[in-house]
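# Overview (structure and organization)
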Amino acid sequence: MGRELRYLAVTTSTQDIARELAEEGAPEGTAVIAGEQQSGRGRMGRSWLSPSGGLATSIILRPPLARAYLLPAVSSVAVFSTLANLGVKAGIKWPNDVLIAGKKACGILIENALKAGELGYSIVGIGINVNFDTGSYPEIADIATSLSVQLGHEVPVGEVALQLYTELEDTYSKIDDPDLIISAWSQNMVTIGRRVSADFYGNRIDGTAEGVNRQGNLVVRLADGSIKEIVAGDVTIK
Ligand code: BTN
């Protein structure tokens, strides 16, 4: 991962550049990294704040379609391990946010391109708040944090990127062992055991997150004792 690397000081979104490279046939593991994004995007149509001092990277992967469901787990475990290597204790919020001290320090956006019923490629976009003061951005001040805020000192963004590509390569190499990936993911998931609310096919449900199943769905127990499995979307930890 990242052995082929395109660096852009400023761009719209690394997702778009990675997509262009993937369409041109760039090899698996090719990464795009930007100093700043002007229209960084997040999950569910949200935008992603990407000022200077953040790590914004997109990596081209070409897993078999039958393994693509593991990418949120693979990528969030890689970020978790990267932060652990840097001395930061993080936690994964289902499906693939990475929190430090309960605040979001990393978001992951996975965009898949289907070609004739096969997975042409996946673009795994990872944004890590590294060296900027999240408190000076009102739109995220209450919900986000950064490595520099947590550590009290800056960390070279290149070092974080190098660690991330190394960890991603390592975790992705185990994608044919889904139980291993799901277990590394769930062991470090702060959502489990917590009261959550979630969207279940358009309805809000409230319950306790009991775990993740082998498909990666979040298993939530409701007050009446029934179980619901959340397939996609967002959950709020209460
Ligand atoms: C989210 O939490 O909603 C996902 C955020 C993903 C942000 C990253 S930054 C690199 C890549 N380029 C983008 O425009 N988005 C992803």
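Quick caveat, the model's predicted, so the values are computed rather than measured. (Residues numbered from 1 in each chain as written. Predicted model: local features only at pLDDT ≥ 70, side-chain atom pairs only at ≥ 80, totals over all residues. Heavy atoms only, no water.)

### Side note on the sheet that holds strand β5 (residues 97-100)
In a beta sheet, neighbouring strands pair by backbone hydrogen bonds and run either parallel or antiparallel. This is how the line gets drawn: Strand pairing follows a simple DSSP-based rule, namely that at least 2 bridges must link the two strands. By definition, any uninterrupted DSSP run of H or I lasting at least four residues is a helix, any uninterrupted run of E lasting at least two residues is a strand, and each is numbered from the N terminus. Note on method: axes are straight lines fitted to C-alpha atoms, helices fitted across the in-contact stretch only, with angles between N-to-C directions ranging 0 to 180 degrees. Two residues form a contact once any of their heavy atoms are found within 4.5 Å.
Overall, mixed pairing links the seven strands, which are arranged β1-β2-β3-β7-β6-β5-β4 in an open sheet. The open sheet terminates on both sides in strands that have one partner only, identified here as β1 (5-11) and β4 (91-93). Taken over all neighbouring pairs, the strand axes of this sheet differ in orientation by 20° on average, direction set aside. Direction of pairing for β5 relative to strand β6 (residues 103-115): antiparallel, over a ladder of three bridges. Among the inter-strand pairings, V98 is bridged to a residue of β6, identified as C106. Here helix α1 (residues 14-23) sits on the sheet in contact with β1, β2 (31-37), β3 (55-61), β6 and β7 (118-128), set at roughly 150° to β7.

### Side note on the nonpolar core
Threshold: In these notes, a set of buried Ala, Val, Leu, Ile, Met, Phe, Trp, Tyr and Cys residues joined through side-chain atoms within 4.5 Å is what counts as a nonpolar core. Each residue gets one of three labels from its accessible area relative to the maximum for its type: buried under 20%, exposed over 50%, partly exposed in between, using a 1.4 Å probe on protein chains only. All the domain ranges listed were derived from an automatic or database domain assignment.
With 53 residues, the main nonpolar core has V79, L83, I126, I128, L147 and W185 as its most contacted residues. For this core, the element with the highest residue contribution is helix α2 (residues 71-85), accounting for eight residues. When residues of this core are sorted by domain, at least three fall in each of domain 1 (5-187) and domain 2 (195-237).

### Some thoughts on the environment of D234
Test applied: Here a polar contact means two N or O atoms within 3.5 Å. Within protein one must be a hydrogen donor candidate and the other an acceptor candidate, and residues neighboring in sequence count only if both atoms are side-chain atoms.
When you line up the elements, D234 lands in the loop between β11 (227-230) and β12 (235-237). With 167 residues separating them along the chain, D234 and R67 place their C-alpha atoms 21 Å apart. Beyond its immediate sequence surroundings of up to four residues, D234 is in contact with R43, M44, R46, S197, A198 and D199. For D234, the side chain forms a polar contact with the side chain of R43, separated by 2.9 Å. At 2.8 Å, the side chain of D234 and the side chain of R46 are in polar contact.

### Focus on the packing of α2 against helix α5 (residues 178-187)
Heads up, the condition is: Any angle that falls under 35 degrees is termed roughly parallel, while one over 145 is termed roughly antiparallel, one within 65 to 115 roughly perpendicular, and all others oblique. Two helices crossing with the near one rotated counterclockwise from the far one by less than a right angle form a left-handed crossing, whereas a clockwise rotation gives a right-handed crossing. Gly falls in the polar group here, along with every residue not listed as nonpolar (Ala, Val, Leu, Ile, Met, Phe, Trp, Tyr, Cys, Pro) or charged (Asp, Glu, Lys, Arg).
One way to put it is that α2 packs onto α5 with a least axis distance of 9 Å and a crossing angle of 55°. Between α2 and α5, the angle falls in the class oblique. As α2 runs across α5, the sense of the crossing is left-handed. For the pair α2 and α5, contact is made by P72, A73, V74, S76 and V77 and by I181, A184 and W185, respectively. Of the residues contributing to the contact of α2 with α5, the split by class is seven nonpolar, one polar and no charged.

### Quick word on the site of the ligand
To keep it simple, the criterion reads: Being near a molecule or strand, for a residue, means having at least one of its heavy atoms within 4 Å of it. The protein chains shown are the only cover counted for residues, whose accessible areas, like all others here, come from Shrake-Rupley with a 1.4 Å probe.
Around the ligand, the surrounding shell holds 20 residues, and the nearest of these are S13, Q37, R41, R43 and K104. Measuring from an oxygen atom of the ligand, one finds a side-chain N or O atom of S13 at 2.7 Å. Q37 has a polar side-chain atom sitting 2.9 Å from a nitrogen atom of the ligand. Across the complex, the protein chains shield 99% of the 420 Å² of accessible surface that the ligand would expose by itself. A total of four residues in the shell around the ligand trace back to one element, the largest contributor, which is β6. Of the residues contributing to the shell around the ligand, the split by class is five nonpolar, 11 polar and four charged.

### A word on the pattern of salt bridges
What counts here: Salt bridges are identified by distance alone: a Lys or Arg side-chain nitrogen within 4 Å of an Asp or Glu carboxyl oxygen.
A complete count under the given rule lists 15 salt bridges for this structure. One salt bridge in this structure joins D97 and K104, with 3.0 Å as the shortest N-O distance. By relative accessible area, K104 is classed as partly exposed at 23%.

### Focus on the domain arrangement of the protein chain
Worth spelling out the cut-off: When two parts are put together, the accessible area they lose, computed with a 1.4 Å probe and summed over both, is reported as buried area.
Domain assignment breaks the protein chain into domain 1 (5-187) and domain 2 (195-237). For domain 1 and domain 2, the distance between their C-alpha centres works out to 24 Å. Counting the surface lost from both domain 1 and domain 2, the interface buries some 1,000 Å², and carbon and sulfur atoms represent 58% of this. Taken together, domain 1 and domain 2 are joined by three salt bridges. The residue R214 makes a salt bridge to D179 at a minimum N-O spacing of 2.9 Å. Run the count over domain 1 and domain 2 and you get six residue pairs in polar contact (both at pLDDT 80 or more). Residues that form the side of domain 1 that touches domain 2 fall into these classes: six nonpolar, one polar and four charged.

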